[in-house]
Amino acid sequence: MGCVISHLSAKFAFFPPSPPTYQIKKRDDGKLTAIYTSSSMPLTSAVGAVDDGGGGGGGCSFDVLSLRTRRGNKIVAFYLKNPYAKLTLLYSHGNAADLGQLFDLFVQLKANLRVNLMGYDYSGYGASTGKASELNTYADIEAVYECLQTEYGVSQEDLILYGQSVGSGPTLHLASRLPRLRGVVLHSAILSGLRVVCHVNCMFCVDIYKNVNKIRKVKSPTLVIHGTEDDVVNWLHGNRLWKMAKDPYEPLWIKGGGHCNLELYPDYIRHLYKFIYEMEIMTTKTRLSKIKLSKKTSSACRCSSCCIKVGQPSWGCPKCPKPRCPECCGLPSCCLNWNSCCCGWVKPKCPDVKLRKCPSCFGCGCFTCLGKCVRCSCW
């Protein structure tokens, strides 16, 4: 059954370019280089600069890598280095594209955003071996992240994950496991594979890339970019992901933008640069303080549900020390005058605290007494 689901998911989601737009060749010195399939020329930028002899183009050298994944496939990755970069962008591309088509974009992003950039092809895409599947893409991005750590010394604190369309799946898969990531960018992202083609609110076994669940586990600042006229992945996908993010950054809704043309809008590079810059100047101390603040806020008593526990006063909370904290559950400071009640707990003596007037069940105001009369008219 699992093989059938995997096969259906692969057919449903993945459309690698055929034939690939580039090929990988080994040079005399043993290093890999990339050439266009159509012209057999080395990859160069559209600006017209010639190859520098290191496999790069457009005046920038880049490394061509072949990485083995834990599922046995060999995937191709390009690493573009910017000497002025403080952060590294790990780019997971969308469907029906490969590294040959994206090379010009990588060069521009590397220069305009002042970042190092690592792009890779999923299994079955470009010159990568194997077949495209959800589980393979997870193994692919894990192998690329391991390479960034071991070969280039990039820690998660200096890494920003970028996922476009289908690439939001592996991006959120990795982001949900790295709590100290510098940031996450979701570009035309999907809630899940099945939600792209039909409106459903529940999970099915044949669904893939359940980003709607994983976004809740991402602790890093999250930028969502989406076109309002996207006819492939509706704008509502991006809007809902942004609303569910734990640390949402100001989103970019590109008016009139489609699914594959957002890079052509001036607001795209401006907003993305602003995000990258703010992630650059965010120190580790600031990042940790934000995490601690979010934990403190989430653990604070903000609702009555945490105070409903047998044997405790109706205004009490098991998370707060006795006597009750006035700031936590709203009791005035004069309520710190305590006497015992019938259930062994204490109640405040304060004229500002209004207790119910039913003598049979609200005698002392504690939860035990309150629970005796759920049908009383004063409930």
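Before reading further, recall that the structure is shown in the block above.
The structure presented is a predicted model; accordingly, all values stated were derived computationally and were not measured.

Here is what the cut-offs are and how they apply
- Residues numbered from 1 in each chain as written.
- Predicted model: local features only at pLDDT ≥ 70, side-chain atom pairs only at ≥ 80, totals over all residues.
- Heavy atoms only, no water.
- Pairing = 2+ DSSP bridges.
- Helix = DSSP H or I, 4+ residues; strand = E, 2+ residues; numbered from the N terminus.
- Axes fitted to C-alpha atoms, helices over the stretch in contact; angles between N-to-C directions.
- Contact = heavy atoms within 4.5 Å.
- Phe/Tyr/Trp six-rings, centres within 6.5 Å; stacked < 30°, edge-to-face > 60°.
- Buried < 20%, exposed > 50% of the residue type's maximum accessible area, 1.4 Å probe, protein only.

Trainee: Where do I start with the sheet that holds strand β6 (residues 116-120) in this structure?
Mentor: Sheet strands pair via backbone hydrogen bonds, and the direction of the pair is either parallel or antiparallel. A sheet is described by the order of its strands in space; here 8 strands give the open sequence β3-β4-β6-β5-β7-β8-β9-β10, paired in mixed fashion. Of all strands in the sheet, those with a lone pairing partner are β3 (62-68) and β10 (252-254), marking the two edges. Across the sheet, the mean angle separating the axes of adjacent strands is 15° when strand polarity is ignored. Across the sheet, helix α2 (residues 99-113) touches β3, β4 (74-80), β5 (88-92) and β6, and the angle it forms with β4 is around 25°.

Trainee: Please explain unusual backbone geometry as it appears in this structure.
Mentor: Glycine aside, the phi torsion of most residues is negative, and most peptide linkages are trans. Here Ser18 and Pro19 are connected by a cis peptide whose omega angle stands at 0°. Structurally, the position occupied by Pro19 is in the loop between α1 (2-13) and β1 (22-26). One non-glycine residue, Ser40, lies in positive phi territory at about 60°. On the secondary structure map, Ser40 appears in the loop between β2 (32-36) and β3. Positive phi outside glycine occurs at Ser165, with the angle close to 55°.

Trainee: Please explain the packing of aromatic side chains as it appears in this structure.
Mentor: Both the distance between ring centres and the angle between the ring planes are used here to describe each pair of aromatic rings. Tallying each qualifying case throughout the model produces 15 aromatic pairs. A ring pair is formed by Phe62 and Phe78, whose centres lie 5.0 Å apart and whose planes are at 55°; its orientation type is tilted. Of this pair, Phe62 sits in strand β3 while Phe78 is found in strand β4, placing the two residues 16 residues apart along the sequence. Each member of the pair, Phe62 together with Phe78, is buried. Grouped by ring-pair contacts, the aromatic residues Tyr22, Phe62, Phe78 and Phe103 constitute a single cluster.

No statement about biological role is implied by the geometric values presented.
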